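What the coordinates show
Residue strings, one per chain:
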Amino acid sequence: MASPSYLPWLFCMVMFLQVFGLNEAQGQCLEQQRSLLLQMKNDFTVTPRSKKLVEWDSSKDCCGWPGVTCGSRGYVTGLDLGGEGIEVGLNGTSPLFELHFLTALNLSLNYFEGAMPSAFGKLSNLVHLDLSRSGFEGRIPIEISSLTRLVTLDLSSLYNFGLKVDSPNLRMLVGNLSKLVELRLNDVELTTQRSEWCQVLSSTVPHLQVLSLRSCRLSGPIHASLQTLQSLSVIDLSSNYFSAPFPQFFSKFKNLTSLSMSDCELSGKFPDKILQAQALRVLDLSDNSFVPNNLPITFKHSSLETLVLARTKFSKTIPESIGEVRMLSQLDLSQCSLAGHIPSSISQLTRLVRLDLSSNSLSGSVPSLSLARNLTQLNLASNQLTGSILSTDWKRLSQLENVLLQSNSLTGSVPAAMFGIPSLQQVYLLNNHFIGFTEELIRTPSPLLTKLSASRNALKGQFPAFISGLRGLVDLDLSDNNFGDTLHMDSLSQLKDLESLDLSNSNLSVEFGKDYSPFFPKLTTLFLASCHLKEIPAFLKASATIAHVEMSDNQIHGSIPSWIWDITSLETLKLSQNSLQSIETPHPSSSGIEMLDLSSNRLHGELPNLPSARYINLTSNHFNSTISSIINELPYSTLEFLYIASNNLYGTIPDSICKVEYLYLLDLTDNFLSGAIPACLPMIGNTRVLSIGGNNITGIIPDTFATQCMLLTLDLSSNSLLGGVPKSLTDCAQLQVLNLSSNQLTGEIPFELGYVSSLVSLNMSHNSLTGPIPASFGNLTSLDSLDLAKNELSGVIPVQLAALKLLSFLNVSYNQLEGMIPDGPQFRKFSEASFLGNKGLCGFPLSKHC
């Protein structure tokens, strides 16, 4: 049987062919009719998509032209130019409107510009009119209503609400079209008819069989008058705003074969009765808001072929009776909050073509699907399934295209026979506990397989040999496994279409040849982290497509070769955690690299200058230069993340850094930088993280934080900063981490800081701060850690701090505090060490009583 989504078109095609006169002898084309057609063709812009107009030959009988049907007297009665990609305006003077004998006209899937011509009303003999997705815009002309012979009418819009019905209204448009059997107005705005459309249709088009008003901005509830249209066979009301319970009278439509009401904001209890509608073959109620409920206990007597309930909340399990719906070919219960086992009766659904139970909480094993020989799509991803998948005889599923089993807890071996299915296109096995592949011999590996992902499993042993025969592979990801094998990359040299290869962290020793010939001429992404590489593969030098390279955590040593900066396609280069010592070209100013990670190596000398970089990480190396070499030469519009922590940088932080407009993160911690903080630095409005702790920075903290400060983290610890805590810090309303410890700050802590409610960690220890702990700190309800140790703070510990329910670390030791330690659930968890060195403090947990 035809796929349910094509049923309406099948009906239309039957009617269309009848009108085109398959039972009527075609006459010879009249000269006047041929002339009109040629004039019309000349008015149109014939695009490369055209398959029919380009074959209109003036030397041949026009009744034999593609898309043209004639009656016995030579008049053109049918014109099918759907999908020709015509790009031109169509006005009322077009020769098209002189073809008065037309009974069927199809101009769908074109790109006509402007308003729909009122001249369509001249074609009074039309029985079938299809202008769907043809590019017209604006109001549908009232003249359409004069086509009283219409049996099928499709005015569906190419764009969301590109067409609308308001003046005339819906009653005026269809009021004279009493013979209509099929009406499609998808994506046509019917806003002004929101509450009246049911009454209009029930009183004007009594013979309607197909009604499609998808995405028309209709609202509910659906009026009961619609039930008078007892001939309805196909109903599509998807993507409207009914915000009401499902109309129960739909279950009484005796001829209803297809019902689609997805994304309609339907509420109330799931309509069990609709599942028992005798003629119903297609049901789509996905993306609605029914009250969470069990799926019906029984599916007996159901004749459904397609059941789509995705993203509709249910509870508990899929009933065993689902196996009684023997005609079922498509079942989609994804994201339905289902739990329990997949019923074994699903094995009885021999007609299944598509099965999607993904993103639920289903557990237990995967039932055998060996009898579903027509299965093309299998999606069981993101559940809690366990056990083996070998109960299915995968060789029998000869139509299988896509297998999605990722994010479960499946175990055992992956059947290698699966990769011999000739129609197979995508296989996703990632994030499970598979240990390997079975050892069947695959005589002809799947030629159409483009994507194979089995990352984050426990695959071990030899690298699967059959992969070298999957010549259509575009994306191969076997990362995060435990093979324990050596892979000679030339064994994959037949994968000429490969674009992405990820073998990272799979306990593989990857070896390349010494020549420069490209293994994979289309490769854009190469991830080989932790693959025991000794050098950067030479074949990359000749690559014209490589964009992303990840080779961190290997044993690459020596220099980064100069040729790597000349790869014009390269955007990402990650070589962290190796033993690299130098960069052959310290200023690769011509490189187009946007992301560079050379952290945790032994690199020294000057910092590299990458003018196109957005992300640079040079942390944990031995670079010994100023940061001016990387800042002064960078364009001010690119750099967003700059990590140069734990190096040997010296000199000052240049004022030019403030011109890096979109600098979200700056990390210069643990270097030998000196001088003052540029006054402009706190004013960079887009900065989220600013870390320059562990240097020799002197002077004061500039009190110039931007009014719309976006900082999340500020770390100025372990420097030699003087002066007070700037009050403008309180403008950083999103600040979560503030570390000013181990400096020489003086003065009082601004009480305004207690109103930065986003603070999670606050450390001002090891300074010379005086005055009280602000009582306003009691407002810091998100605070997890507060360290004020080793200052000269005085007064009492504010009782308001006892209300901080999330506070897990507190240290106010070695100050000049006095009085009783506040009592509260959090304070009872703190040890004596939190309060030592304050002679005036008393109470629990100190031994000194008050």
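Rules used in this analysis
Residues numbered from 1 in each chain as written. Predicted model: local features only at pLDDT ≥ 70, side-chain atom pairs only at ≥ 80, totals over all residues. Heavy atoms only, no water. pLDDT = per-residue confidence, 0-100. Contact = heavy atoms within 4.5 Å. UniProt positions renumbered as here; feature names shortened; annotations may be inferred. Helix = DSSP H or I, 4+ residues; strand = E, 2+ residues; numbered from the N terminus. Expected span 1.5 Å × (residues − 1). Buried < 20%, exposed > 50% of the residue type's maximum accessible area, 1.4 Å probe, protein only. Core = buried A, V, L, I, M, F, W, Y, C linked by side-chain atoms within 4.5 Å. Pairing = 2+ DSSP bridges. Disulfide = S-S within 2.5 Å.

1. Points about the confidence of the model for the protein chain
- For the protein chain, the average pLDDT comes to 91, and 95% of its residues sit at 70 or higher.
- Below a pLDDT of 50 lies the segment residues 1–25, which in the model reaches 40 contacts outside its immediate sequence neighbourhood of four places, other chains included.

2. Re the UniProt feature "domain: Leucine-rich repeat-containing N-terminal plant-type" (unreviewed entry) in the protein chain
- Per the UniProt annotation, the sites labelled "domain: Leucine-rich repeat-containing N-terminal plant-type" (unreviewed entry) are residues 31–70.
- Taken end to end, residues 31–70 is 32% helix and 8% strand, and its two terminal C-alpha atoms sit 13 Å from one another.

3. Some points on helix α2 (residues 31–43)
- The end-to-end C-alpha distance of α2 is 18 Å, a good match for the 18 Å that 13 residues give at a rise of 1.5 Å each.
- Those residues of α2 that sit buried are Gln 33, Arg 34, Leu 36, Leu 37, Leu 38, Met 40 and Lys 41.
- Residues of α2 that are buried in the fold lie against β1 (68–70) and β2 (76–80).

4. A closer look at the nonpolar core
- Ranked by size, the top nonpolar core spans 250 residues in total, and within it Phe 120, Trp 197, Phe 250 and Phe 419 carry the most contacts.
- The contact partners of Phe 120, leaving out residues within four places of it in the chain, are Leu 90, Leu 96, Phe 97, Leu 105, Leu 107, Leu 131, Phe 136, Ile 144 and Leu 147.

5. Some points on the sheet that holds strand β20 (residues 384–387)
- Pairing is parallel across the open sheet formed by four strands, whose spatial order is β16-β18-β20-β22. Edge strands, defined here as strands with exactly one partner in the open sheet, are β16 (339–341) and β22 (409–410).
- Bridge count for β20 against β22 is two bridges, and the pairing is parallel. Opposite Gly 387, over in β22, you have Leu 410 as the bridge partner.

6. Examining the sheet that holds strand β9 (residues 188–189)
- One open sheet accounts for three strands, arranged β5-β7-β9; its pairing is parallel. Single-partner strands in this sheet number two, and they are β5 (138–139) and β9.
- Across two bridges, strand β7 (residues 163–164) lies against β9 in parallel orientation. In the sheet register, Leu 163 faces β9, and the bridge partner there is Val 188.

7. Thoughts on helix α4 (residues 197–204)
- A large share of α4 lies buried, amounting to six of its eight residues.
- Buried residues of α4: Trp 197, Cys 198, Val 200, Leu 201, Ser 202 and Thr 204, and no others.
- The elements touched by buried residues of α4 are α3 (170–174), β8 (182–184) and β10 (210–212).

8. So, the state of the cysteines
- Evaluation of the coordinates by the stated rule reveals five disulfides.
- Put simply, Cys 658 and Cys 680 are joined by a disulfide, and their sulfur atoms are 1.9 Å apart. A torsion of 75 degrees about the S-S bond marks the disulfide between Cys 658 and Cys 680 as right-handed. Of this pair, Cys 658 sits in the loop between β41 (650–652) and β42 (665–667) while Cys 680 sits in the loop between β43 (672–676) and β44 (689–691), and the two are 22 residues apart along the sequence.
- Sulfur-sulfur distance for the disulfide between Cys 709 and Cys 732 comes to 2.2 Å. On the sign convention where negative is left-handed, the bridge of Cys 709 and Cys 732, at about 90 degrees about the S-S bond, is right-handed. In this pair, Cys 709 sits in the loop between β45 (696–698) and β46 (713–715) while Cys 732 sits in the loop between β46 and β47 (737–739), placing the two residues 23 residues apart along the sequence.
- Cys 709 gets classed as buried once you look at its relative accessible area, which sits at 6%.
- For Cys 732, a relative accessible area of 0% puts it in the buried group.
- When the bonded cysteines of the protein chain are counted from the start of the sequence, the pairing works out to 1-2, 3-4, 5-6, 7-8, 9-10.
- The thiol of Cys 198 is unpaired, and the distance to the nearest cysteine sulfur, on Cys 264, comes to 12 Å.

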